[in-house]
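# Architecture and fold: a report
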Amino acid sequence: MALIFILLYAPIVTLVVLSFNSSKTRAKWGGFTGKWYAELFQNDAIMEALYTTLIIALLAAVISTLIGTAAAIGIHSMKRRARTVFLGINNIPMLNGEIVTGISLMLLFLAFHVQFGFLTILLAHITFCTPYVILSVMPKLKQTSRYTYEAALDLGATPLRAFFTVVFPDIMPGVLSGFLMAFTLSLDDFVITHFTKGAGVDTLSTKIYSEVRKGIKPEMYALSALLFVTVLV
């Protein structure tokens, strides 16, 4: 286990250390510095990509959480056989390779002549985040009792009020974990974004990819270190 964790985290630790190295070469330690972080925040192109990434991640997380929660409630209300079928269908996008999802969404947008840009990235992120939300909410729904909901109805509550008063507080941890999972998945996605983005629109992952092809700049180490810490928190 120790060997596995060393192999997993040694490259990340190296990257974080290099983000504080005053020398531009990876082979030599030039002393401790924070200038790469300062230069990172002065880079307009990276800041614009960061803003786009955060907006897309937040919108995708909110919308996929609403859709996923509603879908989970619908699936939970089905009979056992239908529920098994729909949960199986829900698992397919998660088992698929991201490249398959990315190419299929790209072909879909091309078929409907949708202009590639911010909207196509957002739709793609909502698409691949929603199954994870459903998977997070379903276990909490299984722990709830339908009798408390029915009791609220018997006491005069409308179905909507009964849901928000009785059911929603019980499933809130699942909804919140689904939201956080969707946010982090959207935040660092590259493959699907690469296939569905248009010219002039970049997220952090696609920006890093385009910058790395020109040669790795120390600002990229700083940016990657911040991304790692953000997702970890």
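So, here's what we can say about the structure. The written sequence of each chain sets the order in which its residues are numbered from 1. Reporting of local features is limited, given that this is a predicted model, to residues whose pLDDT is at least 70; pairs of side-chain atoms are given and counted only at 80 or more, and all residues count toward the totals for whole chains, interfaces and linings. Where side-chain values are given, they derive from all heavy atoms of the structure, hydrogens and water being excluded.

## Topic: the overall build of the chain
Numbering goes from the N terminus for both helices and strands, where a helix is a DSSP run of H or I of at least four residues and a strand is a run of E of at least two. In terms of helices and strands, the chain carries 11 helices and 0 strands. Tracing the chain from N to C terminus, the helices and strands come up as α-α-α-α-α-α-α-α-α-α-α. When its C-alpha atoms are laid out on the principal axes, the chain stretches across 70 × 45 × 35 Å. Accessible area is worked out with a 1.4 Å probe on protein chains only. A residue is then buried under 20% of its type maximum, exposed over 50%, and partly exposed in between. Looking at the chain as a whole, 35% of its 233 residues are labelled buried. Taking all contacts inside the chain whose residues are at least 6 apart in sequence as the whole, residues at least 24 apart take part in 70%. Any two residues whose heavy atoms approach within 4.5 Å at even a single point are treated as in contact.

## Considerations on the nonpolar core
Ranked by size, the top nonpolar core spans 20 residues in total, and within it Ala-72, Val-137, Met-138, Leu-141 and Ile-171 carry the most contacts. When residues of this core are traced back to their parent elements, those giving at least two are α3 (44-76), α5 (98-111), α6 (118-143) and α8 (159-187). If you tally residues by element for this core, the top one is α6, at 8 residues. For our purposes a nonpolar core is just a set of buried Ala, Val, Leu, Ile, Met, Phe, Trp, Tyr and Cys residues, chained together by side-chain atoms within 4.5 Å. The next biggest cluster of nonpolar side chains, apart from the first, holds 14 residues, and it includes Tyr-37, Ala-57, Ile-208 and Ala-225.

## Quick look at the pattern of salt bridges
Each salt bridge in this description consists of a side-chain nitrogen of Lys or Arg and a carboxyl oxygen of Asp or Glu lying within 4 Å of one another. Scanning the model with the defined rule gives 2 salt bridges in all. The salt bridge involving Glu-150 is made with Arg-146; its shortest N-O contact spans 2.8 Å. Within this pair, Glu-150 and its partner Arg-146 are both found in helix α7 (residues 146-154), separated by 4 residues, close to a single helical turn. With relative accessibility at 53%, the residue Arg-146 sits in the exposed group. Across the pair Lys-197 and Asp-202 runs a salt bridge, and its minimum N-O distance is 3.5 Å. By relative accessible area, Lys-197 is classed as partly exposed at 23%. Exposure remark for Asp-202: the relative accessible area of 25% places this residue in the partly exposed category.

## Some points on a nonpolar patch on the surface
Residues enter patches when they are more than 30% accessible in relative terms and free of salt bridges; like-charged ones are connected within 9 Å and nonpolar ones (Val, Leu, Ile, Met, Phe, Trp, Tyr) within 5 Å. Every accessible area reported is derived by Shrake-Rupley at a probe size of 1.4 Å, with residue values counting cover from the shown protein chains alone. Taken together, the side chains of Met-1, Ile-4, Phe-5, Leu-8, Tyr-9, Val-13, Val-17, Trp-29 and Phe-32 make up a nonpolar region of the molecular surface, amounting to roughly 1,000 Å² of accessible area. If you trace the backbone, Val-17 turns up in helix α1 (residues 2-18). Of the residues examined, Val-17 reaches a relative accessible area of 41% and is grouped as partly exposed.

## Focus on the packing of aromatic side chains
Aromatic rings from Phe, Tyr and Trp, taking only the six-membered ring of Trp, are treated as a pair when their centres fall within 6.5 Å; an angle between ring planes under 30 degrees marks them as stacked, one over 60 as edge-to-face, and anything in between as tilted. Taken as a whole, this structure holds 8 aromatic pairs when the rule is applied. Seen from their ring centres, Phe-20 and Phe-32 are 5.1 Å apart, and the 5° between their planes marks the pair as stacked. Placement of Phe-20 in the loop between α1 and α2 (35-41) and of Phe-32 in the loop between α1 and α2 is noted, with a sequence separation of 12 residues between them. When its relative accessible area of 65% is taken as the criterion, Phe-32 is described as exposed.

## Considerations on α6
Taking 1.5 Å as the rise per residue, α6 with 26 residues should run 38 Å; its terminal C-alpha atoms sit 38 Å apart, in good agreement. Bend is computed residue by residue as the angle between axes fitted to the seven residues ending at the residue and the seven residues starting at it. Cys-129 marks the point of greatest bend in α6, at about 30°, and the proline Pro-131 comes within the next four residues. A helix is expected to span 1.5 Å multiplied by its residue count minus one.

## Comments concerning unusual backbone geometry
With a phi angle near 55°, His-113 is a residue other than glycine that sits in the positive phi range. Mapped onto the elements of the fold, His-113 is located in the loop between α5 and α6.

## A closer look at the side chain of Thr-196
Position of Thr-196 among the secondary structure elements: in helix α9 (residues 191-196). Among the residues examined, Thr-196 registers a relative accessible area of 0% and is labelled buried. Here a polar contact is taken to be a pair of N or O atoms separated by no more than 3.5 Å, where protein atoms must pair a possible hydrogen donor with a possible acceptor and residues adjacent in sequence count only if both atoms sit in side chains. A distance of 2.8 Å separates a polar atom in the side chain of Thr-196 from the backbone oxygen of Ile-192. Setting aside its immediate chain neighbours within four residues, Thr-196 contacts Gly-102, Leu-105, Met-106, Phe-109, Phe-116, Gly-117, Thr-120, Ile-121 and Ala-124.

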